[in-house]
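The chain contents come next:
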Amino acid sequence: MPRVSRPEPRVALLVVSVDSLTREARDAFNGYSEPHERPPFRTYAALAAVLNTGFAGALAAAKRSGRLPETVSTRDLVLIGVASHKLSRLVAKDKVTAFLRAPFTEYQGRGGPAEVEERARGEGVRGAVGELLTCPYCLGLWATGAFHAGLMFAPRVTRVTASTLTALTLSDFLQIAYKAAEERGLGGS
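Remember, it's a predicted structure, so these values are computed and weren't measured experimentally.

Rules of the game
- Residues numbered from 1 in each chain as written.
- Predicted model: local features only at pLDDT ≥ 70, side-chain atom pairs only at ≥ 80, totals over all residues.
- Heavy atoms only, no water.
- Pairing = 2+ DSSP bridges.
- Helix = DSSP H or I, 4+ residues; strand = E, 2+ residues; numbered from the N terminus.
- Polar contact = N/O pair within 3.5 Å; in protein donor to acceptor, adjacent residues only side chain to side chain.
- Contact = heavy atoms within 4.5 Å.
- Disulfide = S-S within 2.5 Å.
- Buried < 20%, exposed > 50% of the residue type's maximum accessible area, 1.4 Å probe, protein only.
- Core = buried A, V, L, I, M, F, W, Y, C linked by side-chain atoms within 4.5 Å.

A closer look at the pairing of strand S1 (residues 105-110)
The side chains of a regular strand alternate between both faces of the sheet.
Now for step 1: As paired elements, S1 and strand S2 (residues 116-120) share five bridges and run antiparallel to each other. Directly across from Tyr107, in S2, lies its bridge partner Glu118.
Now for step 2: Two successive antiparallel strands, S1 and S2, enclose a turn made up of five residues, where Ala114 displays a positive phi of approximately 60°.

Structure follows, in structure tokens:
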């Protein structure tokens, strides 16, 4: 019986290729900074994947259900922008929301009006979540994504919630302006 030649399996080549890619990726991250200064890249990537997967899922569901708008009005854009700013500051800096951050942060001192300064504590997931929770800029992306998803699936509730946060932002600025006027002798009693 004639012997049939079989092609060589390419699995071994694939394993070597994936292994070398892993080594190259590891080397690329190792060169970023000293090990003790290196951010938790895997956790950051996981958090980014959660955010992007959630938002992509909301967009896909909105498109399937016919809820994806053709445009976003300037009014909604401003409303969501101001509300996201306030929500991210409430979560990241407000004294009364410290209980949310406490498992992941360490108190550093007083911050702005009704705010505190904290820093992330721990390593890995705990440290990465702490960094997210203390960064209003980082949380802003999560807030804007949530508000946009809310506009597609529950627009009335979202607009009332966002307008409440927007009004609170205006109130905050008026409180700061009033306090500044008082300090200059321009206030009331």
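From this point, things continue past the structure.
Focus: the side chain of Thr97
Now for step 1: Along the polypeptide, Thr97 turns up in the loop between helix H3 (74-93) and helix H4 (98-101).
Now for step 2: A distance of 3.1 Å separates the side chain of Thr97 from the backbone oxygen of Asp94, its partner in a polar contact.
Now for step 3: Leave out the neighbours within four places in its chain, and Thr97 touches Leu90 and Val91.

Comments concerning unusual backbone geometry
Now for step 1: Phi angles above zero are rare outside glycine, and Ala114 is one such case at about 60°.
Now for step 2: Relative to the assigned elements, Ala114 resides in the loop between S1 and S2.

Let's talk about the state of the cysteines
Now for step 1: Scanning the model with the defined rule gives one disulfide in all.
Now for step 2: The disulfide partner of Cys135 is Cys138, and the gap between their sulfur atoms is 2.4 Å. Across the disulfide from Cys135 to Cys138, rotation about the S-S bond amounts to roughly 70°, and the bridge is consequently right-handed.
Now for step 3: We classify Cys135 as buried; its relative accessible area is 17%.

Remarks on the nonpolar core
Now for step 1: Listed in full, the eight residues of the largest apolar core are Leu79, Ile80, Ala83, Leu90, Phe147, Leu151, Ala162 and Leu165.
Now for step 2: Listing elements by their share of this core, those giving two or more residues are H3, helix H6 (136-153) and helix H7 (155-183).
Now for step 3: In this view, Leu90 contacts Thr97, Arg101, Leu165 and Leu168; residues no more than four positions away in its chain are not counted.

Interpretation note: all reported values are geometric properties and have no functional meaning in isolation.
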